[in-house]
Amino acid sequence: MNKRDLLNFRDLSRDEMVRIFALATGLKRKQRQEIPHPLLARKCLAMIFEKPSLRTRVTFEAGMVQLGGHAVFLGPNEVQLGVREAPADCARSLSRWVDLITVRTFSQAILEEMAAYASVPVINALTDLSHPCQVLADCLTLIEHKGDLKGLKVAFIGDGNNMVHSWMEAAEKLPISFAVACPRGYEPNRQIEEQARKNGARITVTDSVEEAVTGADAVYTDVWASMGQEEETAERVKAFRDYQVNEKVVAMAKKDAVVMHCLPAHRGQEITHEVLEGSQSIAFDQAENRLHVQKAVMVWLLRSFKDLDDDPWITT
């Protein structure tokens, strides 16, 4: 089997995404029934994290242990990609020791260099350009709450950041439409937007919150200043003051719309406390599903779907 990676959604077909959702659902059910599921017994995961994390680190590490394997965490002071050690050298060394590598870093180029030189699968655990694992978990959460993704409209309010880019790429493969409202000067990457449109994604980019949210099945937001943008916080708070997800904004969406946030949240900035804690919020369901989706991704990368189809554990 040829090596597979998950660097962005170009690495996944629609069928593979659907099967990952199904596998994640099965893994979630097994865990809640306290049924052991050591699908990756004796496998080892290396976790290279140049950025701090709560959900990503815990869900990958716990997920690998629950699958019967082991995880090794390498923080920013241990590897220092591009400073102490070239990404290519790191990737080739790790490939001699472990079965799978996750990378959480700033530059997409570092991630892609790691993948190019690693002989084992590499997973994007977040870069400044994209965050596919989060969007996979978000889609699973929407399936749980809405029954199906077909025809859903997801409206994102805030910065045209890595989350937006991954949602645009997801819209190429999944039967959803995606709208983003952001102030001028904070639009998403134009190349990613144009490529997604070219590949059939239904996308709206606007500076109007009302235009984006009207008719939405899900209202999504994220922090206004991501990691590495802390010096821009004051400027961004001013620029995004009209892009807060509050009760007025939620009321513009469908009556049964859900509210989503990838967390951590800055209550009182991009979202109000009342909305985040309200009955329409599914933010913590999203956080939980990071665990189950990432377990499914790791299994997909190390075992073929054909192999899984023939596994009685999976089919029962």
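Draft legend 1. Up close: the overall build of the chain. When its secondary structure is counted, the chain shows 15 helices and nine strands. At 19 Å, the chain has a C-alpha radius of gyration in line with the 20 Å of a compact globule built from 316 residues. Projected onto the principal axes, the alpha-carbon positions of the chain cover approximately 50 × 50 × 35 Å. When each of the 316 residues of the chain is scored for burial, the buried share is 57%.

Draft legend 2. Region of the structure containing the environment of Val83. Here Val83 is to be found in the loop between helix 3 (76-79) and helix 4 (87-95). Val83 gets classed as exposed once you look at its relative accessible area, which sits at 69%. In this structure, the C-alpha to C-alpha distance between Val83 and Glu112, residues 29 residues apart in sequence, is 17 Å.

Draft legend 3. Seen up close, the nonpolar core. By size, the foremost hydrophobic cluster in this structure holds 63 residues, and its most contacted members are Leu136, Leu142, Trp167, Phe178, Val297 and Met298. If you tally residues by element for this core, the top one is helix 13 (residues 283-302), at eight residues. The residues touching Phe178, leaving out its near neighbours within four places in the chain, are Val154, Phe156, Val164, Trp167, Met168, Ala171, Arg202, Ile203 and Thr204. In this structure, Ala212, Tyr243, Ala283 and Ala287 belong to the second largest nonpolar core, which totals 25 residues.

Draft legend 4. Region of the structure containing the packing of aromatic side chains. Going through the model one piece at a time under the given rule, you end up with seven aromatic pairs. An angle of 75° between the planes, with centres 6.3 Å apart, marks the rings of Phe240 and Tyr243 as edge-to-face. On the basis of relative accessible area, Phe240 is assigned to the buried category, the value being 0%. Cluster of aromatic residues (ring-pair linked, three or more members): Phe156, Trp167, Phe178 and Tyr220.

Here is what the cut-offs are and how they apply
Residues numbered from 1 in each chain as written. Predicted model: local features only at pLDDT ≥ 70, side-chain atom pairs only at ≥ 80, totals over all residues. Heavy atoms only, no water. Helix = DSSP H or I, 4+ residues; strand = E, 2+ residues; numbered from the N terminus. Rg over C-alpha atoms; globule rule 2.2 N^0.38 Å. Buried < 20%, exposed > 50% of the residue type's maximum accessible area, 1.4 Å probe, protein only. Core = buried A, V, L, I, M, F, W, Y, C linked by side-chain atoms within 4.5 Å. Contact = heavy atoms within 4.5 Å. Phe/Tyr/Trp six-rings, centres within 6.5 Å; stacked < 30°, edge-to-face > 60°.

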